[in-house]
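A look at the structure
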Amino acid sequence: MKTVRPFDILVPAVAEPEKFAVVSCDQFTSQRDYWDKLDEYVGDAPSALRLIFPEVYLEDGDYEERIRAINAAMYDYLEKGVFETLKDSYILVRRDTAYGYTRLGIVAAVDLEDYSYEYPTDAVIRSTEGVVANRIPPRLKIRKDAPIELPHVMLLLDDRDKTVIEPFYKRRAELKKLYDFDLNMHGGHLTGWQIPAAEFDAVMDAYAEKAKGFYGGGNTMVFAVGDGNHSLATARAHWKEVRKSLAPEEREAHPARYALVEIENLHCDGIVFEPIHRIVFGVDDSDFALHMSGALRGAGRLNMFTTNMKYSVAVSDNSARAIADIQDAVDAYISAHPDASVDYIHGMDNLHSVADTSDGVAIEMPCIAKEDLFDYVATSGNLCRKAFSMGEAEEKRYYFEAKRIK
C-alpha cells in the first residue's frame with residue numbers, strides 16, 4: 001500500500017547503544033530527577049538525549065538555546081558517522097519490558113498525506129485523541145531546522161488474526177539481526193532485525209485490502225495512532241509548510257513527507273492498555289472535589305486523593321464516556337481558575353509519587369477496553385486527549401532509529 005513504504009533508516013553504530021536509546025520526551029514531565037539521572041548516566045556518549053527536547057525542561061527559559069544545541073548535535077552526529085544507513089528498509093523490533101511483557105513491531109515510514117486528526121475523515125491513518133493546537137508550535141519549532149527525526153509514534157493495526165507482524169517474527173532466525181541490548185532506566189530490552197522490503201509490502205497490501213471490510217462499508221481506516229498523536233500532527237504540519245515551496249513532482253519523494261513510526265498489532269499479547277492519570281495543581285482540594293462531584297454523574301466511582309485526603313465521586317460506568325466527562329470537568333475548572341493546571345501521569349506509583357511531593361489533587365482514571373478502540377475511532381472520531389496509554393511510562397517507545405527529513 002502506498003501509505004507505508006521502505007525508507008533509508010538510520011541506525012546508531014555506537015559502542016554503547018544502551019546510552020543512545022532514551023524514552024519518549026513526553027514522559028516523566030513532573031519528575032525532573034528522572035531526566036537528571038539519565039543525563040548523568042549518558043555523560044559524553046552519543047545519545048538520543050542530545051537530539052530531543054524532554055518536555056520537563058520546556059519552562060526553564062532556555063528554549064531557543066536548547067533547540068540550537070539539538071540541531072547542532074544532529075548535524076554533528078551525521079557528520080561523524082554515528083549512524084549507519086540501511087537502504088530502503090523495514091525493521092522488525094522486539095521490546096521486552098521490565099513489567100514482563102513482549103511487544104513486536106515494524107519500524108517503517110508512512111505518508112503524512114494519508115494521516116488526519118480531524119473527524120469526519122477518510123484518512124488511512126487516524127488519530128485516537130484530540131490534538132491540542134498549542135502543543136504543535138513548540139514541537140514544530142524544534143523540527144523546522146532539524147535534519148533528522150527520531151520517532152516515538154506507534155501506529156496500531158486491528159489485526160486479530162495476526163497476519164502482518166507475527167509471521168516475520170516466527171522466522172526471525174533467517175533475518176539479519178541489527179541490534180540487541182538492554183535499555184536504560186528500567187526500560188527492558190530491545191532487539192531489531194532487518195526484514196525484506198518486498199515481502200512486507202505484499203503482506204501490508206493484503207491486510208489493507210481486507211481492512212476495507214472492517215467497521216462498515218466504505219471504510220478506509222487501516223491504522224490508529226496508539227501513541228505519539230502530537231508528534232505525528234507536528235510532522236504533518238511541518239510537511240504542509242515544506243510542500244508549499246515544492247513542485248508537484250518534488251513532493252512525491254521528499255523525505256519530510258514521510259514519518260518514521262513503529263507499527264504494532266493492537267492484539268499483540270504484550271500490548272496492555274493503561275489509564276493516564278491526572279493531577280491538578282494550584283487548587284483547593286475540597287473545592288475541586290466539590291466541583292467534580294457536581295459535574296459528574298453515573299453508576300461508577302472515581303477516586304481522587306492528595307497527600308492526606310481521599311475523595312470518591314460518581315462517574316459513568318462506560319469507560320470511554322467516563323474519561324471524556326472527567327476531562328471536560330477538569331478543563332472547565334481550570335478555565336475558571338487561572339492559577340490551576342493539569343499534568344498527565346503514567347502509572348499509579350508515579351501518580352502517588354507526584355501527589356506525595358506536591359499540593360496537587362490526583363485523579364485515578366479508568367481504563368478503556370482496547371477491543372473498542374478501532375470501532376470507536378472509525379465511527380465516532382477522537383477520544384479526548386490522553387485517554388489511554390499503551391503501558392507504563394518505562395514501557396513507552398525509546399528513541400533509537402532515525403530518518404532524514406531534509
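This text follows the structure it describes.
Procedures and definitions
Residues numbered from 1 in each chain as written. Predicted model: local features only at pLDDT ≥ 70, side-chain atom pairs only at ≥ 80, totals over all residues. Heavy atoms only, no water. Helix = DSSP H or I, 4+ residues; strand = E, 2+ residues; numbered from the N terminus. Rg over C-alpha atoms; globule rule 2.2 N^0.38 Å. Buried < 20%, exposed > 50% of the residue type's maximum accessible area, 1.4 Å probe, protein only. Contact = heavy atoms within 4.5 Å. Areas by Shrake-Rupley, 256 points an atom, 1.4 Å probe, with all protein chains shown as cover. Lys, Arg positive; Asp, Glu negative; His and termini not counted. Charge placed at Lys NZ, Arg CZ, Asp CG, Glu CD. Core = buried A, V, L, I, M, F, W, Y, C linked by side-chain atoms within 4.5 Å. Salt bridge = Lys/Arg side-chain N within 4 Å of Asp/Glu carboxyl O. Axes fitted to C-alpha atoms, helices over the stretch in contact; angles between N-to-C directions. Parallel < 35°, antiparallel > 145°, perpendicular 65-115°, else oblique. Left-handed = near helix turned anticlockwise from the far one by under 90°. Nonpolar A, V, L, I, M, F, W, Y, C, P; charged D, E, K, R; others polar. 1 Å grid on protein atoms, 1.4 Å probe; cavity = no way out; pocket = protein on both sides within 12 Å on 5 of 7 lines; lining within 4 Å. Points joined across faces, edges and corners; volume = space filled by probe spheres on them.

This next bit is on the overall build of the protein. Scanning the protein for helices and strands turns up 12 helices and 22 strands. Relative to a compact globule of 406 residues, whose C-alpha radius of gyration would be 22 Å, the protein shows 21 Å and is just as compact. Considering only C-alpha atoms, the protein reaches an extent of 60 × 55 × 45 Å along its principal axes. The buried share of the protein, taken over its 406 residues, is 57%. Partitioning the contacts of the protein with sequence separation of at least 6, the portion at a separation of at least 24 is 79%. Accessible surface, the protein: about 16,900 Å² in total, of which carbon and sulfur atoms supply 48%. Side chains of the protein give 47 positive and 68 negative charges; the mean places of these two sets differ by 4 Å.

This part covers the side chain of Lys-19. Within the element layout of this structure, Lys-19 appears in helix 1 (residues 17-20). The exposure class of Lys-19 is buried, given its relative accessible area of 17%. Among all residues touching Lys-19, those that are not within four sequence positions of it are Tyr-41, Val-42, Ala-45, Pro-46, Ser-47 and Asn-184.

Ranked by internal contacts, the top residues of the largest apolar core, which has 49 residues, are Phe-20, Trp-35, Leu-51, Phe-83, Ile-148 and Leu-150. Elements represented by at least two residues in this core include exactly strand 2 (7-12), strand 3 (22-23), helix 2 (32-42), helix 3 (63-79), strand 4 (83-96), strand 10 (176-183) and strand 21 (398-399). Residues in contact with Phe-83, not counting those within four places in the same chain, are Leu-10, Val-11, Pro-12, Ala-13, Phe-20, Leu-51, Tyr-77, Leu-78, Ile-148, Phe-400 and Ala-402. With 43 residues, the next largest nonpolar core counts Ile-106, Leu-112, Phe-168 and Ala-208 among its residues.

What follows is about the pattern of salt bridges. By the definition in use, this model includes 33 salt bridges. Across the pair Lys-37 and Asp-33 runs a salt bridge whose closest N-O atoms are separated by 4.0 Å. A residue pair is termed a helical-turn pair when its members lie 3 or 4 positions apart in one helix, as Lys-37 and Asp-33 do in helix 2 at 4 residues. For Asp-33, a relative accessible area of 44% corresponds to the partly exposed category. Across the pair Asp-180 and Lys-177 runs a salt bridge, and its minimum N-O distance is 3.2 Å.

At a minimum axis separation of 9 Å, helix 4 (residues 136-144) and helix 7 (residues 229-243) run at an interaxial angle of 60 degrees. Between helix 4 and helix 7, the angle falls in the class oblique. Helix 7 is crossed by helix 4, and the crossing has right-handed handedness. Contacts between helix 4 and helix 7 involve Ile-136, Arg-139, Leu-140, Arg-143 and Lys-144 from the first element and His-230, Ser-231, Ala-233, Thr-234, Ala-235, Ala-237 and His-238 from the second. Across the contact of helix 4 with helix 7, the residue classes tally to 5 nonpolar, 4 polar and 3 charged.

The next point concerns the layout of surface pockets. Reported here for the largest pocket is a volume of approximately 1,200 Å³. If you go around the largest pocket, you meet 43 residues; those closest to its centre are Asp-26, Glu-55, Leu-58, Arg-135 and Arg-139. Looking at the lining of the largest pocket, the elements that each hand over two or more residues are helix 3, helix 4, strand 8 (148-149), helix 7, strand 13 (258-265) and strand 18 (341-346). Top contributing element to the lining of the largest pocket by residue count: strand 18, with 5 residues. Each residue belonging to the lining of the largest pocket can be placed in one class, and the counts come to 26 nonpolar, 7 polar and 10 charged.

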